[in-house]
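The lines below spell out each chain.
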Amino acid sequence: MKTIIEPFKIKSVEPIKFTTVEDRQEILHEAGYNPFLIHAEDVLIDLLTDSGTSAMSSKQWAGIMDGDESYAGARSFFRFEKIAKEITGFKYIIPTHQGRAAEKILFTILGGPGKYFPNNTHFDTTRANIEFSGAEAVDFLTPIGKDTSTIADFKGNMDIEKLEQFIKEKGRENIPLVMITITNNAGGGQPVSMDNIRKTKEVAAKYGIPLFLDACRFAENAFFIKKREKGYENKSAKEIAKEIFSYADGCTMSAKKDALVNMGGFLGINNDDLAMKARNILIVTEGFPTYGGLAGRDLEAMAQGLEEILDEHYLTYRIRSVEYLGEKLTAVGVPILQPPGGHAIYLDAKRFLPNIPAHQYPGQSIVCELYKTGGIRSVEIGSVMFGKTEKNTGRFIPSALELVRLAIPRRVYTQSHIDYVIESVQEVFNNRSKLPGYKITYEAPMLRHFTAQFEPIKL
Ligand code: F0G
């Protein structure tokens, strides 16, 4: 059989509210042209994020009922801890309410002025938590990872030579850890190879620096390794995931991605002292170490999600369905970041709208038009998210890439939803000469993309 089918049946459905182009024009205007400010009810297909938007399985829902809500030592914690340890091998598993809470704890302990944290590419909350501590976040993505059109297997890799040079330059005492983000979300959901993880570990270990993973999408990364890296074709996704974690000394994890839950996360740590410090902060900010900001039922759902995520029928469908969207868009000439990532397709706004300069936010223009045309919510990952205006000179510094992310929630949409997305993007692409640039009329001092307000620039 050639057709890869969704490896599940649908038992519970949620109706979609239909709106017209005119309705959406009005809604967009009221939201200040920022899709984060649109009510979710007014969205037909929500591709804003794959985070916390998964459809849980019947077994996860059963776990919700079965959760043990004891304050200390709940059975649900031990079930969660067991499976998290089995996959990651870490000595300590510290639950948090989501990924950034794990980041906040880690960088509160290890960050501070004069410290540097290298990563293949930091996600925005990771960078923000590092910078909030007074430390510096530095990205060392392999050069090919910045090229949106070349097709290569592991465009999320760390540039290991640059990393080593940086360690020598800044001194290992100023680098509390090296991090690898799998898959590289900010760089197009591109995977990191096992070889690169192993070599990064070797360099870090040479200088006595621990390696941590930002492991949100570890299962998708593991599956890419199975499909693309020599020597892994006959290993199971679970074996590959275990090997990935075996090179790390710890991880931050947003369970809202590859643990298939709507809320949850954890810190994995091997070092006794670090784990003790992390638990102490956890108690102040999140909760007791056996619940860490979550209900027992959340831990139960997370345990079950971790059991399900490495199923290869699921991963085959997952990676293929994202690739399908990418292939169809490419076939009609829409420029996307190549090759398709694990959790999302990223439209290449620079090539999509070459006439709109970075300071007029071409990605935001596509995001708005896609909502207006098809009721589809996406997110700009470009100069709105990462661009800056220098305080003293007023000079605009654009993001290296101008992307629009179409993130695919796990197990939520069927192929016909995706076909509708393809038609809508194609229509926006056909109208591209009529799209306006945008200006920002309000922005917050940090993570401005969440709350910024925009206005279209009259053509
Ligand atoms: N690291 C990566 C690579 C992420 O993609 C995210 C979240 C986080 C950390 C933080 O996790 O949301 O649980 O606090 N990414 C979401 C997204 C928000 O849409 O890509 P969190």
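Our structure's up above, just so we're on the same page.
What comes next concerns the included structure. Within any chain, residue numbers begin from 1 and follow the written order of that chain's sequence. Where local features are concerned, this predicted model is filtered to residues with pLDDT of at least 70; where side-chain atom pairs are given and counted, the filter is 80 or more; whole-chain, interface and lining totals use all residues. Remark: hydrogens and water are excluded; side-chain values derive from all non-hydrogen atoms of the structure.

Next up on the list: the site of the ligand. Residues in contact with the ligand amount to 17 residues; listed here are only the nearest, Thr-49, Arg-100, Asp-214, Ser-254 and Lys-257. Polar contact is the term for a pair of N or O atoms within 3.5 Å; when the atoms are in protein, one must be able to donate a hydrogen and the other to accept it, and sequence-neighboring residues count only if both atoms are side-chain atoms. A distance of 2.8 Å is found between an oxygen atom of the ligand and a backbone nitrogen or oxygen belonging to Gly-99. Between Arg-100 and the ligand, the recorded distance is 2.7 Å, taken from a side-chain N or O atom to an oxygen atom. Here the accessible surface of atoms and residues is derived via Shrake-Rupley with a 1.4 Å probe, and residues count as covered only by protein chains that are part of the display. Burial of the ligand by the protein chains amounts to 94% of its free accessible area of 470 Å². Classifying every residue of the shell around the ligand gives two nonpolar, eight polar and seven charged. Distances are taken per atom, and a residue is near a molecule or strand as soon as one of its heavy atoms is within 4 Å of it. Three classes are used, and their members are as follows: Ala, Val, Leu, Ile, Met, Phe, Trp, Tyr, Cys and Pro are nonpolar, Asp, Glu, Lys and Arg are charged, and the others, Gly among them, are polar.

Further remarks concern the packing of helix H4 (residues 99-110) against helix H5 (residues 124-132). Axis definition: a line fit to C-alpha positions, over the contact stretch in the case of helices; interaxial angles, taken between N-to-C directions, run 0 to 180 degrees. Secondary structure elements are taken from DSSP: a helix is a run of H or I of four residues or more, a strand is a run of E of two residues or more, and numbering for both begins at the N terminus. Running from N to C, H4 and H5 point in directions that differ by 30°, and their axes come no closer than 9 Å. Taken as axis vectors, H4 and H5 run roughly parallel relative to one another. Remark: the crossing between H4 and H5 carries right-handed chirality. Residues Arg-100, Glu-103, Lys-104 and Phe-107 of H4 touch H5, and the partners they reach there are Thr-125, Thr-126, Asn-129, Ile-130 and Phe-132. Considered class by class, the residues forming the contact of H4 with H5 number three nonpolar, three polar and three charged. For classification purposes, angles smaller than 35 degrees are called roughly parallel, those larger than 145 roughly antiparallel, those between 65 and 115 roughly perpendicular, and all remaining angles oblique. Note on convention: the crossing is left-handed when the near helix lies turned anticlockwise from the far helix by less than a right angle, right-handed when the turn is clockwise. In what follows, a contact means two residues having at least one pair of non-hydrogen atoms within 4.5 Å.

So, on to the pairing of strand E7 (residues 250-254). When you tally the buried positions in E7, you get five out of five residues, the bulk of the element. Residue exposure (1.4 Å probe, protein chains only): buried if accessible area is under 20% of the type maximum, exposed if over 50%, otherwise partly exposed. The alternating pattern of E7 places Gly-250, Thr-252 and Ser-254 on one face and Cys-251 and Met-253 on the opposite face, and all of these are buried. For strand E6 (residues 211-214) and E7, the ladder comprises three bridges, and the chain directions are parallel. Paired with Asp-214 across the two strands is Thr-252, which belongs to E7. DSSP calls a pair of strands paired once it identifies at least 2 bridges connecting them. Summarising the sheet, E7 and strand E8 (residues 265-269) pair through five bridges and their orientation is antiparallel. Its bridge partner being in E8, Cys-251 is matched across the sheet by Gly-268.

A sheet is described by the order of its strands in space; here three strands give the open sequence E9-E14-E11, paired in antiparallel fashion. With partners counted over all chains shown, the strands left at the sheet margins are strand E9 (344-348) and strand E11 (379-381), one partner each. When strand polarity is set aside, the average angle formed by the axes of neighbouring strands in this sheet is 35°. Relative to strand E14 (residues 403-407), E11 runs antiparallel, the two being bridged by three bridges. If you follow Ile-381 over to E14, its bridge partner there is Leu-403.

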